[in-house]
Amino acid sequence: CADARHRFITPSDFAQVEPSSGDFRGILDLELSHLQARLTDKTDNVVVILDCCHSARMSKGDARRPRAVPSVAEWAQVVDARVRTLLGSGSVSRARLVTGNPLAVRLVACGPDEQAFGIDDGGDFTRALVAGLAAARSHPAMTWRQLMVHVQDVVLSEGFGQYPEVEGPADRLLFEPVVQELAGVLPLGRDDGGLVLRGGALLGVEV
């Protein structure tokens, strides 16, 4: 982000222009929230997938690197101007900028204070998610929350401290607006090659 107030994602052509050009190619959180709200006005069956991190701080070995640009501080004035233009024109409304759209399932590559890693052909989260969706074709009653347990295990096994998360109505069936009631059900995951029931004594789980 250019500063603490404005965040944006950087498409592949973001670095093709300089700040002095005034040609800002990022997509601001204001715009993303507004577009998502317009979409959920039309349908509840919305899924948003973001494989990116909030900031690049340090790289951790091998060919993987944070999926972020090194620095965008020089874009601060351009971003401020873009925000003023959006709000001034009425093309986005502050009233629509809620923290988390309750009608959209949101799959994110990592937590707010983590980094999303990847190599040149894509992100670790994207690869794990694509593989998980392919496997889920034989499990039509799977929910987004259940799928993400598998994706989290795969990404965590890479050892980069990246923990993908699911937000919003995560108990919906994949690509369906139908909610699967899972009260009393705990997800099954993998740890060090073994199976793990994700629950503890507080939830009544015992040997």
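I will try to describe carefully the structure that is included in this document. All values reported here derive from a predicted model rather than from experimental measurement.

## So, the overall build of the chain
(1) Moving on: On a plain count of helices and strands, the chain comes out with 4 helices and 10 strands.
(2) Moving on: Secondary structure elements of the chain occur, N-terminal to C-terminal, as β-β-α-β-β-α-β-β-β-α-α-β-β-β.
(3) Moving on: Taking all 207 residues of the chain together, 34% fall into the buried category.
(4) Moving on: Carbon and sulfur atoms make up 54% of the accessible area of the chain, which amounts to about 12,300 Å² in all.

## Observations regarding the nonpolar core
(1) Moving on: Leu 107, Phe 125, Trp 144, Leu 147, Val 151 and Val 166 are the most contacted members of the largest nonpolar core, which totals 19 residues.
(2) Moving on: Looking at this core, the elements with two or more residues in it are strand 5 (104-108), helix 3 (124-135) and helix 4 (144-156).
(3) Moving on: In this structure, Phe 8, Phe 14, Val 78 and Val 83 belong to the second largest nonpolar core, which totals 12 residues.

## Examining the packing of aromatic side chains
(1) Moving on: Per the counting criterion, the structure on display carries 4 aromatic pairs.
(2) Moving on: Ring geometry for Phe 8 versus Phe 24: centroids 5.0 Å apart, planes at 85°, classification edge-to-face. Of the two residues, Phe 8 sits in strand 1 (residues 8-9) while Phe 24 sits in the loop between strand 1 and strand 2 (27-28), which places them 16 residues apart along the sequence. Residue Phe 8 shares its accessibility class with Phe 24, and that shared class is buried.
(3) Moving on: Through a chain of ring-to-ring contacts, the aromatic side chains of Phe 8, Phe 14 and Phe 24 assemble into a single cluster.

## Some words on the pattern of salt bridges
(1) Moving on: Per the stated rule, a full pass over the model turns up 6 salt bridges.
(2) Moving on: Ionic pairing is found between Arg 82 and Glu 31, a salt bridge with its closest N-O pair at 2.7 Å. With a gap of 51 residues between them, Arg 82 in helix 2 (residues 76-89) and Glu 31 in helix 1 (residues 29-42) connect regions that are remote in the sequence.
(3) Moving on: Taking the relative accessible area as the measure of exposure, Arg 82 reaches 32% and is therefore partly exposed.
(4) Moving on: Under the relative-accessibility criterion, Glu 31 is labelled buried at 14%.

## Re the pairing of strand 5
As a general feature of sheets, a regular strand has side chains that alternate between the two faces.
(1) Moving on: By the criterion of burial, strand 5 is predominantly enclosed, with 5 of the 5 residues buried.
(2) Moving on: Every second residue of strand 5 is oriented toward a common face, with Ala 104, Arg 106 and Val 108 on one face and Val 105 and Leu 107 on the other, all of them buried.
(3) Moving on: Both strand 3 (residues 46-50) and strand 5 contribute to a ladder of 5 bridges, which runs parallel. Considered in strand 5, the bridge of Leu 50 is made with Val 108.
(4) Moving on: In this structure, strand 5 lies alongside strand 8 (residues 165-167), joined through 3 bridges in antiparallel fashion. Paired with Arg 106 across the strands is Glu 167, a residue of strand 8.

What counts and how
Residues numbered from 1 in each chain as written. Predicted model: local features only at pLDDT ≥ 70, side-chain atom pairs only at ≥ 80, totals over all residues. Heavy atoms only, no water. Helix = DSSP H or I, 4+ residues; strand = E, 2+ residues; numbered from the N terminus. Buried < 20%, exposed > 50% of the residue type's maximum accessible area, 1.4 Å probe, protein only. Areas by Shrake-Rupley, 256 points an atom, 1.4 Å probe, with all protein chains shown as cover. Core = buried A, V, L, I, M, F, W, Y, C linked by side-chain atoms within 4.5 Å. Phe/Tyr/Trp six-rings, centres within 6.5 Å; stacked < 30°, edge-to-face > 60°. Salt bridge = Lys/Arg side-chain N within 4 Å of Asp/Glu carboxyl O. Pairing = 2+ DSSP bridges.

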